[in-house]
Amino acid sequence: MEIKRRDFLKITAAAGAVAAVGLPKLNAFAAGHDAKAGNAPKGEWLPSTCQGCTAWCPVEFYVQEGRIVKVRGNQLSKANNGYCCPRGHLMIQQTYDPDRIKVPMKRTNPQKGKGIDPRFVPISWDEALDTIADKMIELRKTGHPEKLTYMRGRYSPTSTDLLYGTLPKIYGTGNYFSHSAICAEAEKMGPGYTQGFFGYRDYDMAKTKCLVAWGCDPLSSNRQVPNAINKLGDIFDRGTVIVVDPRLSSIAAKANEWLPIKPGEDGALASAIAHLLLTEGLWSREFVGDFKDGKNLFKAGATVDEAAFAEKQTYGIVKYWNIELKDKTPAWAAKKTLIPAEQIIKVARAMGKAGSACAVWMGPGVAMTPRGTYASMAVYALNGILGSIETEGGVFQSSSAPGTKFPEIKDIFIDELAKKGSKGKKLDGRGAKDMPAIMGGFDSKKDKDGKVTESAKANVVTNAVADGILKDPAACQIFISTWSNFNFSATGAQRWDKAMAKVPFFVHMVTNASEMTQFADIVLPATFAPTEKLSVISNMANLHGHLSIQQQVAKPLWNVKAEETEVMWLLAEKLKARGFANQYDYYASFEDPETKQKPTNAAQFCEIAAKISSQKAWNGKEKLKGDKLSSWAEFKKKGIYNTETYAYKKNWGKFKTVTHKFEFYSETLKKTLTLFAAKHKTSIDDILKASGYEAQGELVFVPHYESPKRHGSEKEYPFTFIDHKSRLNREGRSANTVWYQEFKKVDVGDKSWDDVAKINPLDAKKLGIKDGDTIRLTSTTGSITCKARLWEGVRQGTVAKCYGQGHWAYGRVAAKEYGKTPLGGNNNELMPSDFDRLSGATARNGGFTGVKIEKA
Ligand SMILES: Nc1nc2c(c(=O)[nH]1)N[C@H]1C(S)=C(S)[C@@H](COP(=O)(O)OP(=O)(O)OC[C@H]3O[C@@H](n4cnc5c(=O)[nH]c(N)nc54)[C@H](O)[C@@H]3O)O[C@H]1N2
Ligand SMILES: Nc1nc2c(c(=O)[nH]1)N[C@H]1C(S)=C(S)[C@@H](COP(=O)(O)OP(=O)(O)OC[C@H]3O[C@@H](n4cnc5c(=O)[nH]c(N)nc54)[C@H](O)[C@@H]3O)O[C@H]1N2
Ligand code: SF4
Ligand SMILES: [Mo]
């Protein structure tokens, strides 16, 4: 007898209900004090926001007698339907981590380097901020404020403006950098240069008939795990789940079709699927249009006359066919991708059948690769061909929540020195001929006389800052960084160890003394954002945008402060006392939207800032179609404002591209590159070549296949390295909790309390390696040691390893020996620093790292 999956679940659920009679209700906590639980103290659920990953989930903490004991999703959230993911629970251990930085500290060992004891000693907040202010004033006196560098790692989307958006501008440095280029910027190139939307997408999972998870695992990571876990099951009932990933991920293990692609060959697969969708007539007539006489002229190998096709919401489908797709058959792609042609055809047909209810969910595995811009465009373009842009079951631009910006930083707050300092060349080398970093397209500015100046945007190149410092150490005299750990999180991590050792004065504002902190001169203990910091977080999922409060849910045990608000206010006071009042004067000009009062201390400033940024959601003055809230107090109590549901086809006819269409032939990229090449007085082809791409001529402007790049010869480094996120990684921040270590085995193929490289058993046999052996992985950049895990979830010739372990600092749990010996090995010491140069993003995926494996 065959029981359908759904029926099976119904049967087991019914059986479960019987068995559960007499047991405590699963939601016992929700009721608060439960008589049956004995003398359990009364508690309450308090809302805040998790920032363990970029889902930024609205959550609630159950607090008993001032202690956090449990976590769940905010019951009012439409993004996560009241659930949090497994990582959400780790927040309790992160809050109460005994290895947290408890007070400000200063370094007493002038020597800096990996493994060198900083000999930190405790100091007061006053002494710490006095020291920083003195150094900052001293540097300004030399006339070179641009020698101060600020880098943010993770941040709050609103209060970051009070540090990242304010301090550099008023103090006078153009050297401020976000971590975003080591995050997922290349992913934005696909939707950006086709649809004019340089951002992360949302998905109508409740209606999707075919989900293609391509280079990501929405059940374990990516940007809306609770919603993905919640909705995936039903997609199987409606249609097909297809996964393109060289490694057997959680979602691949559940999928109807798993395509274990050869790393870095995603562009080939995308082009072949597009080829098949066109030759078999499976494109969207409503979105793309049709041949004028209704006859499909897309025949393999044959060029098509552009005049024969009438497009609707798109631009350049025939050019795309002629320039890239006509010869990219499934048989051609099968050789590149090692996916059988039959399977390519089968999945392309399933996608075509679902049509505009097929969502291609593209992730970093496609894009965060050398030359990733074009793979990102190629995979994303499938949504255009299928017409699943903003349709039922399709792919969406982010729904924005109604935030309010802080008051403008007027000219009176920016002195001449600051103006001069902000203008200089940036340490990250963005905009050089071989580093276009044009994520975002081009800018168009009109001056007073109506004259328009256009220029290509220059985006951040986070990982090149280390190179900038190494090239010219004198250019960085003061380095301030928050919520970051680039010595661990950035590829070619060894460069950061060298660079940070050269910085004469480094201030780190973090919760734990991780790898980067080992180089600090002053350490400032930061609030653990989700449980101790007041801010407002905005995001979207499940076709809703939201504003979610982040607040202190229990009194912090240690002397911690919020970096973007409290610390900035206190620092501004110190600078004012030294005769530089601009930052203070700017902050002091803020006004409480309810009481109209101006801040007079750090706590007031912090609260006023949160009120300003969230006011539209609760002031009753705006006509909003989402939740109804009537005061700041109500917003704080409920913790969330949800917008109305995102409307279908909202941007059809007005995409932010040059043509306002979905561009298969990107006039937007052409224009941006034309502006960029003109600035360098050279040709577009020359720029592409200098930046390491293969395309020349017209191919540059269409999504297309570029072959994968590899560091290390196949002979010396025969294995291709696959990096992926852990289901329990809260970015780089959870490895010092025992729950992370204890439950590490939830990563398919991994082991608890250990760090493993997953090797195909046939390869292991050839190498004479057994399961559990200690092995050494070596690349052109470095070596790491970990355990071997024999696992059939990777192809022969590849080796997969989770990112997250390998800490040599951070705390007693994360490191084998704090400050000295890592637990396992850090993938970023193996992966060389390389880029997708058109976006400036760091490469991590696409199998660009060749490694050799030896018994250690
Ligand atoms: N190999 C590999 N490398 C990766 C990735 C990968 O998948 N593989 N992922 C990349 C991605 S997508 C990203 S976004 C980056 C992230 O990398 P980074 O931006 O460097 O951030 P984290 O490593 O998460 O930051 C850790 C630091 O934050 C501090 N910290 C923890 N919680 C808080 C807090 O609430 N407030 C403050 N102020 N500090 C806190 C800790 O002390 C620690 O020093 O890593 C990237 N690196
Ligand atoms: N659990 C967890 N979730 C997170 C985070 C976290 O730290 N932990 N961080 C958040 C952040 S900051 C970000 S930026 C997002 C985005 O990040 P995610 O979407 O979580 O992506 P990664 O795991 O970095 O992407 C790598 C994926 O691509 C696969 N891959 C590697 N090489 C290739 C290839 O050549 N082709 C294909 N098709 N696939 C390949 C890997 O096996 C892996 O599944 O995730 C967020 N979600
Ligand atoms: S870790 Fe991410 S998905 Fe999980 S609860 Fe936190 S924000 Fe949500
Ligand atoms: Mo990220």
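The shown structure was predicted, so the numbers you read here are calculated from the model rather than taken from an experiment.

**Concerning the pattern of salt bridges**
Considering all chains together, one arrives at 49 salt bridges under this definition. Of the charged contacts, one joins Arg430 and Asp428 as a salt bridge, the two residues approaching to 3.0 Å between their closest N and O atoms. According to the relative accessible area criterion, Asp428 is buried, its value standing at 2%. Across the pair Lys457 and Asp443 runs a salt bridge, and its minimum N-O distance is 3.9 Å. Linking Lys457 in the loop between β18 (452–456) and α15 (465–471) with Asp443 in strand β17 (residues 442–446), this pair joins segments that are 14 residues apart in sequence.

**Observations concerning the packing of aromatic side chains**
All chains considered together, the criterion is met by 39 aromatic pairs. For the ring pair Phe406 and Phe590, a centre distance of 5.7 Å and an interplane angle of 20° mean the geometry is stacked. Linking Phe406 in the loop between β16 (395–396) and α14 (416–423) with Phe590 in the loop between α20 (582–588) and α21 (602–618), this pair joins segments that are 184 residues apart in sequence. In this structure, Phe406 and Phe590 share a single accessibility class: buried. The ring of Trp332 is capped by Lys328, whose NZ or CZ atom sits 5.1 Å from the centre of that ring.

**Comments concerning the site of ligand 3**
Within the structure, ligand 3 sits among Cys50, Gly52, Cys53, Ala55, Trp56, Cys57, Cys84, Cys85, Arg87, Val225 and Pro226. Looking at the shell around ligand 3, its residues break down into 9 nonpolar, 1 polar and 1 charged.

**Here's the deal with the domain arrangement of the protein**
Under the domain assignment used here, the protein contains domain 1 (186–397 + 652–666) and domain 2 (719–855). Between domain 1 and domain 2, the contact holds 29 residues from the first and 26 residues from the second. Taking both partners together, domain 1 and domain 2 bury about 2000 Å²; carbon and sulfur atoms supply 61% of that area. Joining domain 1 to domain 2, the criterion identifies 0 salt bridges. In this assembly, domain 1 and domain 2 are joined by 9 residue pairs in polar contact (both at pLDDT 80 or more). Of all elements in the fold, only α12 (364–367) and α13 (372–386) reach the threshold of two or more residues within the side of domain 1 that touches domain 2. No other element matches α13, which puts 3 residues into the side of domain 1 that touches domain 2.

What counts, and at which threshold
- Residues numbered from 1 in each chain as written.
- Chains lettered and ligands numbered in written order.
- Predicted model: local features only at pLDDT ≥ 70, side-chain atom pairs only at ≥ 80, totals over all residues.
- Heavy atoms only, no water.
- Salt bridge = Lys/Arg side-chain N within 4 Å of Asp/Glu carboxyl O.
- Buried < 20%, exposed > 50% of the residue type's maximum accessible area, 1.4 Å probe, protein only.
- Helix = DSSP H or I, 4+ residues; strand = E, 2+ residues; numbered from the N terminus.
- Phe/Tyr/Trp six-rings, centres within 6.5 Å; stacked < 30°, edge-to-face > 60°.
- Lys NZ or Arg CZ within 6 Å of the ring centre and 35° of its normal.
- Near = heavy atom within 4 Å.
- Nonpolar A, V, L, I, M, F, W, Y, C, P; charged D, E, K, R; others polar.
- Domains from an automatic or database assignment.
- Contact = heavy atoms within 4.5 Å.
- Buried area = accessible area lost by both parts, 1.4 Å probe.
- Polar contact = N/O pair within 3.5 Å; in protein donor to acceptor, adjacent residues only side chain to side chain.

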